[in-house]
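Letter by letter, the chains look like this.
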Amino acid sequence: MDFVFSMLHVESWGEFSWVAFGLLGQLLFTGRFLVQWIASERARRSYIPIAFWYFSIGGGVVLLAYALYRRDPVFVLGQATGIFIYARNLYLIHAERHEDEPAASEAEDGGPRVKNEV
């Protein structure tokens, strides 16, 4: 175990747990690219599925916690900014879907289907 601790630059099981937690965040963050790649291959065009943003936010939150533990201001700033952007994208996606719901139900009832575009 001394070799593993040495490679990871940790001195205790507590620090090892934080590194494992950080690696989990990095796996989530990397997973978003796999999700996007698979979705694009299936669509046969560049496509960003909503799961990409959830993986981004999940990985970003875990990595932000790890960065705070490590007290790394560069890492903290990068992850905090990213989380804001991922959350904003999810908000816009859900707002657009909510906006489309009344139009979809009117279309099912035979009413007009109009989408406001800006």
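Since we're looking at a predicted model, the values are computed, not measured.

### Here's the deal with the overall build of the chain
And step 1. Each helix and strand in the chain was counted, giving 4 helices and 0 strands.
And step 2. Every one of the 118 residues in the chain was classed for burial, and the buried ones make up 24%.
And step 3. Of all intrachain contacts in the chain linking residues separated by at least 6 positions in sequence, the fraction that spans at least 24 positions is 45%.
And step 4. About 8,600 Å² of surface is accessible on the chain, with carbon and sulfur atoms providing 62% of the total.

### Here's the deal with the nonpolar core
And step 1. In terms of nonpolar packing, the biggest core is built from 6 residues, these being Phe-29, Phe-52, Trp-53, Leu-63, Tyr-86 and Leu-90.
And step 2. Of all the elements in the fold, those that place two or more residues in this core are helix H3 (50-70) and helix H4 (73-108).
And step 3. Considering every element that reaches this core, the biggest residue donor is H3, with 3 residues.
And step 4. The residues contacting Phe-52, other than those within four sequence positions of it, are Arg-32, Phe-33, Val-35 and Gln-36.

### So, helix H2 (residues 13-43)
And step 1. Along its 31 residues, H2 runs 45 Å from first to last C-alpha, staying within 8% of the 45 Å computed at 1.5 Å per residue.
And step 2. All of the buried residues along H2 are Val-19, Gly-22, Gly-25, Phe-29, Gly-31, Arg-32, Gln-36, Ala-39 and Ser-40.
And step 3. Two residues or fewer after H2 comes Arg-44, characterised by a positive phi angle close to 60 degrees.

### Considering the packing of H2 against H3
In helix packing, the relevant descriptors are the interaxial angle and the interaxial distance, both defined with respect to the helix axes.
And step 1. In contact at an axis separation of 8 Å, H2 and H3 are set at 160 degrees when each is read in the N-to-C sense. Between H2 and H3, the angle falls in the class roughly antiparallel. As for how H2 packs across H3, the hand of that crossing is left-handed.

### Comments concerning a nonpolar patch on the surface
And step 1. On the surface, Met-1, Phe-3, Val-4, Met-7 and Trp-13 cluster together into a nonpolar patch covering about 580 Å² of accessible area.
And step 2. If you tally residues by element for the nonpolar patch, the top one is helix H1 (residues 2-8), at 3 residues.
And step 3. Mapped onto the elements of the fold, Trp-13 is located in helix H2.

### A look at unusual backbone geometry
And step 1. One non-glycine residue, Arg-44, lies in positive phi territory at about 60 degrees.
And step 2. Relative to the elements of secondary structure, Arg-44 occurs in the loop between H2 and H3.
And step 3. With a phi angle near 55 degrees, Arg-71 is a residue other than glycine that sits in the positive phi range.
And step 4. Within the element layout of this structure, Arg-71 appears in the loop between H3 and H4.

### A few points about H3
The α-helix advances 3.6 residues per turn, and as a result positions three or four apart in sequence lie on the same side.
And step 1. End to end, H3 covers 30 Å across 21 residues, agreeing with the expected 30 Å (1.5 Å per residue, within 8%).
And step 2. Positive backbone phi, approximately 55 degrees, marks Arg-71, located one or two places after H3.

### What about the confidence of the model for the chain?
And step 1. For the chain, per-residue confidence averages 86 on the pLDDT scale, and residues scoring 70 or more make up 86% of the total.
And step 2. Averaged pLDDT values over the elements of the chain bottom out at 84 in H1 and peak at 95 in H3.
And step 3. In the model, residues 111-118 has pLDDT below 50 throughout and makes 10 contacts with residues more than four positions away in sequence or in other chains.

Analysis parameters
- Residues numbered from 1 in each chain as written.
- Predicted model: local features only at pLDDT ≥ 70, side-chain atom pairs only at ≥ 80, totals over all residues.
- Heavy atoms only, no water.
- Helix = DSSP H or I, 4+ residues; strand = E, 2+ residues; numbered from the N terminus.
- Buried < 20%, exposed > 50% of the residue type's maximum accessible area, 1.4 Å probe, protein only.
- Contact = heavy atoms within 4.5 Å.
- Areas by Shrake-Rupley, 256 points an atom, 1.4 Å probe, with all protein chains shown as cover.
- Core = buried A, V, L, I, M, F, W, Y, C linked by side-chain atoms within 4.5 Å.
- Expected span 1.5 Å × (residues − 1).
- Axes fitted to C-alpha atoms, helices over the stretch in contact; angles between N-to-C directions.
- Parallel < 35°, antiparallel > 145°, perpendicular 65-115°, else oblique.
- Left-handed = near helix turned anticlockwise from the far one by under 90°.
- Patch = residues over 30% accessible without salt bridge, like charges linked within 9 Å, V, L, I, M, F, W, Y side chains within 5 Å.
- Salt bridge = Lys/Arg side-chain N within 4 Å of Asp/Glu carboxyl O.
- pLDDT = per-residue confidence, 0-100.

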